[in-house]
Structure formats: structure tokens, C-alpha cells
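Listed here are the chains, written in short residue letters.
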Amino acid sequence: MNVDQLNPQALADQGKQEYEKGSYLAAADLFSQAALAYKSVSDELSAAEMKNNQSVALLQAGKAREALQATEGTEAVFQQAGDLKRQGIAIGNRAAALEGLKKWQEALAEYDRAASIFEQIDEGDMHSMVRQAAANLNLKRGHIVDTQMDVYDSLRLVKKPTLTQRIMKFLMRIGLIR
């Protein structure tokens, strides 16, 4: 056995490389191994982060149920550590997995929880991303008013708006978009 196979950081780096190549299942497996390796050295925060990376990779591979399972317990680890940003990310990953399972109401509730945390810690760009995901979900379901509210909320706190976001903010300010 190669020493690198036991090194959690090396496993995490390999997982990131596989993810960037589009080898999502291989990446998920490496992130899972990294999580176990971090746990073996009592680094619960890094283990939870690897489980979240695993969840994202599994979701990209079309494995929503497994992605949801990978997030189990990670929110609590970040909450206990007082790491609200990673707690919000964990909730957002859970929401995305629930959306992949077509559990719309649960997904929207989790997107709302994540957005609330990001707003609380002034993470405008993360807040915007979560609200955009909720808007897309509401649009898929035909809930136009909810979509508009999510889009408006996604623009409200964004720190570095894109050109399209700046135009939308302007149109909303002058009353052309409601």
C-alpha cells in the first residue's frame, strides 16, 4: 500500500483532480477515503468537508440518494465548531441532493435555511447562489411569484454582481421588473 493512500490531504487532492477531469464517481470514492483518513486522525472538520465534497461529486454523477447520505451529520459537525459558512454549504448540498430526489418542498426548506445562514454571516455571493437554486426549482415547478421573490432576494445581497445582475437590479430599481 502506498503511503499516499493513507494521507488524507493526498486523497483529497486526488479527488479534486478526478472531479476536475469529470470522473465524478472516482472523485466521490477518493473524497470518501479522505473523510475516513481524516476521521482516523480525529480531524472531524476536514472529514465533514470531504463528505460534502463527496456529496457534490455524487450529485454530478447522478447519484442523488448517495449524495444525500454523504451529507448526513456534516451540518452538526460544522455547527458544533461554530463554522457557519461550511454549515450553510452543507445545508445547500443537502438541498441540492433533495432536489435531485425530486423532494421539492424539503429542498426549498433547506435552501431557505442555507440562505438564512449566509445572510446572517454576510456571505452575499453564497446567499445569492442558494437563492438562485431555489428560484430555478420554483420555476421548474411553475411557481412564478416564488421564483420572482427568490431572484429578487438573490440580487439583494450579492457582493460582486455580474453584468446581467447589475442590469436586473437597475430594472427593478426603476420599476420595470417586479
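Residues numbered from 1 in each chain as written. Predicted model: local features only at pLDDT ≥ 70, side-chain atom pairs only at ≥ 80, totals over all residues. Heavy atoms only, no water.

Q: Sorry if this is basic, but what is going on with the environment of alanine 67 here?
A: Positionally, alanine 67 belongs in helix H4 (residues 64-71). For alanine 67, a relative accessible area of 0% translates into the label buried. If we skip the residues at most four places from it in the chain, alanine 67 touches Ser55, Leu58, Leu59 and Ala97. (Helix = DSSP H or I, 4+ residues; strand = E, 2+ residues; numbered from the N terminus. Buried < 20%, exposed > 50% of the residue type's maximum accessible area, 1.4 Å probe, protein only. Contact = heavy atoms within 4.5 Å.)

Q: Where do I start with the nonpolar core in this structure?
A: Among soluble globular proteins, nonpolar side chains are generally buried collectively. Formed by 34 residues in total, the largest nonpolar core has its most connected members in Met50, Tyr111 and Val130. Broken down by secondary-structure element, the contributors of at least two residues to this core are helix H1 (8-20), helix H2 (24-40), helix H3 (44-60), H4, helix H6 (84-100), helix H7 (104-120) and helix H8 (124-140). Among the elements that take part in this core, H2 stands out by supplying 8 residues, more than any other. Other than its neighbours up to four places away in sequence, methionine 50 contacts Ala12, Phe31, Ala34, Ala35 and Tyr38. (Core = buried A, V, L, I, M, F, W, Y, C linked by side-chain atoms within 4.5 Å.)

Q: What is the right way to read the packing of aromatic side chains from this model?
A: Two measures describe an aromatic ring pair: the distance that separates the ring centres and the angle between the ring planes. Overall, the coordinates contain 1 aromatic pair when judged by the stated rule. Ring geometry for tyrosine 19 versus tyrosine 24: centroids 5.1 Å apart, planes at 65°, classification edge-to-face. (Phe/Tyr/Trp six-rings, centres within 6.5 Å; stacked < 30°, edge-to-face > 60°.)

Q: Would you take a moment to explain H2 for this structure?
A: At 3.6 residues per turn, the α-helix brings residues three or four places apart onto the same side. Between the first and last C-alpha of H2 there are 24 Å, a value that for 17 residues agrees with the 24 Å anticipated at 1.5 Å per step. Listing the buried residues of H2 in full gives Ala27, Ala28, Leu30, Phe31, Ser32, Ala34, Ala35, Ala37 and Tyr38. Buried positions along H2 lie against H1 and H3. Of the residues flanking the end of H2, it is serine 42, one or two places downstream, whose phi is positive at about 60°. (Expected span 1.5 Å × (residues − 1).)

Purely geometric stuff here, so don't read any function into it on its own.
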